[in-house]
Each structure stands twice: as C-alpha cells, then as structure tokens.
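Coordinates in review
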Amino acid sequence: MPRTLNNCPAPAKLNLFLHVTGRRADGYHLLQTVFQLVDFNDLLHFEVRDDDLIRRSTDIPGVPEQSDLVVRAARLLQTAIRAKSSVVAGSAYKPLGANIGIEKNLPMGGGLGGGSSDAATTLMALNHLWQGGLSREELMALGLQLGADVPFFLFGRNAFAEGIGESLQKLDTPRLWFVIIQPGVTIPTEIIFSSSELTRSTKPVKMTDFSIGTKKLFGKNDLEAVAVKQFPEVAEAIKWLGNYGDARMTGSGACVFCAFTEEHQADAALKSVPSQWKAWKAKAMQEHPLAGLL
Ligand SMILES: C[C@](O)(CO)[C@H](O)COP(=O)(O)OP(=O)(O)OC[C@H]1O[C@@H](n2ccc(N)nc2=O)[C@H](O)[C@@H]1O
Ligand SMILES: Nc1ncnc2c1ncn2[C@@H]1O[C@H](COP(=O)(O)OP(=O)(O)OP(=O)(O)O)[C@@H](O)[C@H]1O
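For clarity, every value in this text was computed on a predicted model and none was experimentally measured.

Before going further, it helps to examine the domain arrangement of the protein. Partitioning the protein into domains gives domain 1 (4-170) and domain 2 (177-283). Computed over C-alpha atoms only, the centres of domain 1 and domain 2 are separated by 24 Å. With 26 residues of domain 1 at the interface, the matching set in domain 2 holds 34 residues. Looking at the side of domain 1 that touches domain 2, the elements with two or more residues in it are strand E1 (4-23) and strand E2 (29-49). Considering every element that reaches the side of domain 1 that touches domain 2, the biggest residue donor is E1, with eleven residues. In terms of residue class, the side of domain 1 that touches domain 2 is built from 13 nonpolar, eleven polar and two charged.

And the structure:
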C-alpha cells in the first residue's frame, strides 16, 4: 500500500457564465453555471501517519490550520471511513492520519475555487492512500458539506451545474486558452451573494443552449455587477481585458478572464498585461488530473 502521494494538482475552475436563478429558504442561491477546469493549480503532498492525526505541514497566511478546507476535508473523510468500516468490518478498524503539504499558487478569494479544489484533491488522495473505498458519489456528498464548489472538482469533468452548484451534467467545452487577471483585491463570496443589489431572477437556460464563439462567451456572470460596484479594480481589469475579447469575472471574483482559440493570442495578451496586476495563461482541461484515482 503506498504511503505517500506527492505533487497532486488541485486545479482552478472558471465559471464560463453564472446565472443566479433563485434563492433557497436557507439563503443559498440557485445557480446555473458552466464549470471549466484549467491547468493552473495548487500542488498538494500527502504522507500517511500511523496515528490518527491530521497535520498541515505548510503554513498558509490568513488560514489557520484548523479551518483549512484541506484539514477539514481530511477529518470528514476519516469520520466517514470509520462509519463505513464499522458497518462492514466490525469494530477493529484503526483510523490513519496524514501530513499534508500545500503549495498555494491559486489566489485566495479569487473566484477560481482554490480552497474547494484543495479540499477535493484531499478527499481523492486520502481516500486512495487510506484505502477508504468511498465512491465518487459518496465523496461528492461529503464535499458538499465543505462548500458548494467541492462536488464539481470531484465530478472530474467540465460541467453544466444547477442547484447550488452540486447538480452536475458533464459537458464538452472547446479547447480554449485563457488569460486570467487578479485585479489586486480579494472578494469574500458571501459579500457578493448577500448584496441587496444582486439580480436573483435570471431566466433559466437549457444546457443544450450552451455554445461558445471565438470571441463571445455564452450568458453572463450575475455576480459581476455587484462586484464591480464595490470593487472598481475589477471593473478596470474587465475593461482592459475587454480589448481582447469578451472579458468577465469568474465565480464571485475577484479574478477576470478572457478566452482565446489560439495559444499565441493568449501569449500576446498576457505580455501586455499592466504590471500592477498578476496574470496567468491557462489551458482548458477536459478532465481532472486525479480522476483516475476514483
Ligand atoms: C460563486 C461560486 O464559486 C460559483 O462557482 C460558488 O457558488 C461558491 O462556492 P463556495 O466558495 O464553495 O461557496 P460556499 O463556501 O459553499 O459558500 C460561501 C457563501 O456563499 C454563499 N453562497 C454560495 C453558493 C451558493 N450557491 N449560494 C450562496 O448564497 C453563501 O452565503 C455561503 O455562505
Ligand atoms: N486550503 C485553502 N486554500 C484557500 N483558501 C482556504 C483554504 N482553506 C480555507 N480557505 C478559506 O476559504 C476562503 C476562500 O478561498 P478560495 O481560494 O477558495 O476562494 P475563491 O476562489 O473565491 O472560491 P470560490 O470560487 O469557491 O468562491 C479563503 O479566504 C480562506 O479563508
């Protein structure tokens, strides 16, 4: 049985569009979105411990160990495996622990789903190392307890999502290149969703309506109007990137992106990004790099 899994990617997602179609009684919003996986990622390293401790071996400024989604994911998985083993194998089950290292590349509060992706990678890697035997569906149900974006990363394919983001249908998306700009602000998701100015009644679309042109993306991001009002930096980045095509925000921001059909077009745009912003080029991926673990 392997004891370590190193260099496990936790890729970013882009919301190619994001429509808010309603609100549930618990305050969570009903969405329609297309999730696109891209090859820009955090890297996680896992080592099995024979005691049942979960330790984060790298510090993430601003994220205490106990509230890190990676640590919370590992604990949740431990509990689920323990519950499953006690049903299947009686009481002899001894839980294992893990040391988890995180190389953070994805900006936090960026709308790229970094924390959620780290959590999904943790669930996949530790389910494998601990031989937990949980199915993809079981992991997705656990992931939903950690955040609305986590099930998508476990689903492992680009998807049309509904509900709060957990009802997923696989979708083939074009092999595009993206330029992603971090406009220098961090936006907490709940600030955008709780705004009284948020449009919550966009008319639902059908998945079959989805199409993507070379310049024009389908739909819009309903969270963008709220974000640009509160964070002019986001508006500025969208305006600048809009010179190259249809630029928009991903998720609840702050990052903005533009799609390109050819890599050299993305390179040209990336080269001219003003130096006050961090920016990256990313390629569309068809599948999560760890999909094979499940
Ligand atoms: C904006 C998106 O990134 C789009 O992919 C997601 O919907 C957000 O997913 P996430 O970061 O995993 O979100 P969570 O950690 O579950 O929720 C953060 C906060 O956002 C709000 N929230 C989130 C998702 C959703 N469908 N409706 C909401 O109203 C809730 O106030 C919640 O307290
Ligand atoms: N491993 C982690 N990596 C990043 N953030 C984490 C992690 N664990 C907990 N968090 C918390 O989650 C918050 C959101 O971070 P994240 O990078 O997922 O934002 P995001 O990209 O805007 O997410 P989304 O697109 O899902 O709204 C952070 O501000 C941080 O407090």
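What follows covers the packing of helix H2 (residues 114-129) against helix H3 (residues 136-144). Packing of H2 against H3 leaves a shortest axis separation of 10 Å and a crossing angle of 140°. Viewed along their axes, H2 and H3 adopt a mutual orientation that is oblique. Remark: the crossing between H2 and H3 carries right-handed chirality. Contacts between H2 and H3 involve Ala119, Ala120, Leu123, Met124 and Asn127 from the former and Leu139, Leu142 and Gly143 from the latter. For the contact of H2 with H3, the class distribution of residues is six nonpolar, two polar and no charged.

What follows concerns the sheet that holds strand E8 (residues 248-249). By definition, the strands of a sheet pair up through backbone hydrogen bonds, in either a parallel or an antiparallel sense. Read from one edge of the open sheet, four strands run E8-E9-E7-E10, paired in antiparallel fashion. Of all strands in the sheet, those bounded by a partner on one side alone are E8 and strand E10 (278-283). Here helix H7 (residues 232-241) sits on the sheet and contacts strand E7 (177-182), E8 and strand E9 (256-260); the angle it forms with E9, its principal contact strand, is near 15°. The strands touched by helix H8 (residues 263-271) within the sheet are E7, E9 and E10, with E7 carrying the most contacts at an inclination of about 20°.

The rules behind these values
- Residues numbered from 1 in each chain as written.
- Chains lettered and ligands numbered in written order.
- Predicted model: local features only at pLDDT ≥ 70, side-chain atom pairs only at ≥ 80, totals over all residues.
- Domains from an automatic or database assignment.
- Contact = placed C-beta atoms within 7 Å.
- Helix = DSSP H or I, 4+ residues; strand = E, 2+ residues; numbered from the N terminus.
- Nonpolar A, V, L, I, M, F, W, Y, C, P; charged D, E, K, R; others polar.
- Axes fitted to C-alpha atoms, helices over the stretch in contact; angles between N-to-C directions.
- Parallel < 35°, antiparallel > 145°, perpendicular 65-115°, else oblique.
- Left-handed = near helix turned anticlockwise from the far one by under 90°.
- Pairing = 2+ DSSP bridges.

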